[in-house]
Amino acid sequence: MWIWRGCCCSKLEVKESDMKENVIVRRVTSVLDLESCRSIRKKVFIEEQKVPEEEEWDGLDDQSQHTILEVNKIPAGTARVRYSAEKVKIERVAILYEYRGKGFGKKIIEYVIKDIIYSGKVDQIVLVAQNHAIPFYEKMGFMVCGPEYMDGGIAHKDMVMRIVPKKSVLLI
């Protein structure tokens, strides 16, 4: 069961409980949280995927909103979001190896998409997907919108999701 906590997107928190795992997805709110996100990214991108450190640490963390996924209070996943005038970009999505294949990637992407929609700031979400992850993102509603290219020594394609605003109803 999902529980949406908070009355606005800045306090949005997702919690899923069952007898085995307590999963929380939330915005990063402290330096310690951000360090946990960076540790996950280091393990996944730099150590596992051999992305050069200078490419991973691109200087954009301070301009970004970060999300963390915790399983039984242990940081297990992260994503980074950057806003511009007309779009928002989801970046640096990473789930630790031992937590993959359990639906946690879906949980963090669902959270980030809902948070972006609640912000009401943009009409499209873009991301850069590693080729192996394209089917995952397509199931989440993204479409490939560009040719393949190499980034950090890994094949990627740009993807986009259009946000259709809900029509307002005026009651008189």
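Now for a description of the structure that goes with this document.

What counts, and where the lines are drawn
Residues numbered from 1 in each chain as written. Predicted model: local features only at pLDDT ≥ 70, side-chain atom pairs only at ≥ 80, totals over all residues. Heavy atoms only, no water. Buried < 20%, exposed > 50% of the residue type's maximum accessible area, 1.4 Å probe, protein only. Helix = DSSP H or I, 4+ residues; strand = E, 2+ residues; numbered from the N terminus. Pairing = 2+ DSSP bridges. Right-handed = clockwise from strand over helix to strand, strands pointing away. Phe/Tyr/Trp six-rings, centres within 6.5 Å; stacked < 30°, edge-to-face > 60°. Lys NZ or Arg CZ within 6 Å of the ring centre and 35° of its normal. Salt bridge = Lys/Arg side-chain N within 4 Å of Asp/Glu carboxyl O.

### A word on the pairing of strand β6 (residues 88-95)
Argument step 1. Extensive coverage of β6 is indicated by the burial of 6 of its 8 residues.
Argument step 2. Note that strand β5 (residues 74-83) and β6 share 6 bridges and pair antiparallel. Within the sheet, the bridge partner assigned to Y83 lies in β6 and is V88.
Argument step 3. From the end of β5 to the start of β6, which pair antiparallel, there are 4 residues.
Argument step 4. Bridge analysis of β6 against strand β7 (residues 124-130) gives 3 bridges, and the strand direction is parallel. Across the sheet, the residue bridging to I90 is L127, located in β7.
Argument step 5. Following the backbone out of β6, through helix α3 (residues 104-119) and into the adjacent parallel β7, one traces a crossover that is right-handed.

### Some words on the packing of aromatic side chains
Argument step 1. Applying the stated criterion across every chain, the model contains 3 aromatic pairs.
Argument step 2. A centroid spacing of 5.0 Å and a plane angle of 70 degrees characterise the contact between F136 and Y137, whose relative ring orientation is edge-to-face.
Argument step 3. Residue F136 is classed as partly exposed on the basis of its relative accessible area of 30%.
Argument step 4. Among the aromatic residues, those joined into a ring-pair cluster are F136, Y137 and F142.
Argument step 5. It is R38 that lies over the ring of W57; its NZ or CZ is 3.9 Å from the centre.
Argument step 6. Note that K121 overlies the ring of Y83, its terminal NZ or CZ placed 4.8 Å from the centroid.

### Focus on the pattern of salt bridges
Where charged atoms from two side chains of opposite charge approach closely, those side chains can pair.
Argument step 1. A full pass over the atoms with the stated rule returns 15 salt bridges.
Argument step 2. Residues R26 and D33 are paired through a salt bridge, measuring 2.7 Å at the closest nitrogen-oxygen approach. D33 matches R26 in its accessibility class, with the two residues each being buried.
Argument step 3. For R82, the salt bridge identified is with E91, shortest N-O distance 2.8 Å.
Argument step 4. Look at R82 and you get partly exposed, because its relative accessible area is 22%.
Argument step 5. Among the ionic contacts, a cluster of salt bridges with common partners joins R38, R41, E56, D58, D61, R80, R82, K89, E91 and R92.

### Quick notes on the pairing of strand β4 (residues 65-71)
Argument step 1. Of all the 7 residues making up β4, 7 are buried; the element is thus mostly covered by neighbouring parts of the structure.
Argument step 2. The pairing of strand β3 (residues 22-27) with β4 spans 5 bridges and is classified as antiparallel. Residue pairing for β4: R27 is matched across the bridge by T67.
Argument step 3. Relative to β5, β4 is paired through 7 bridges, and the arrangement is antiparallel.

Everything listed is a geometric property; what it means functionally is a separate question.
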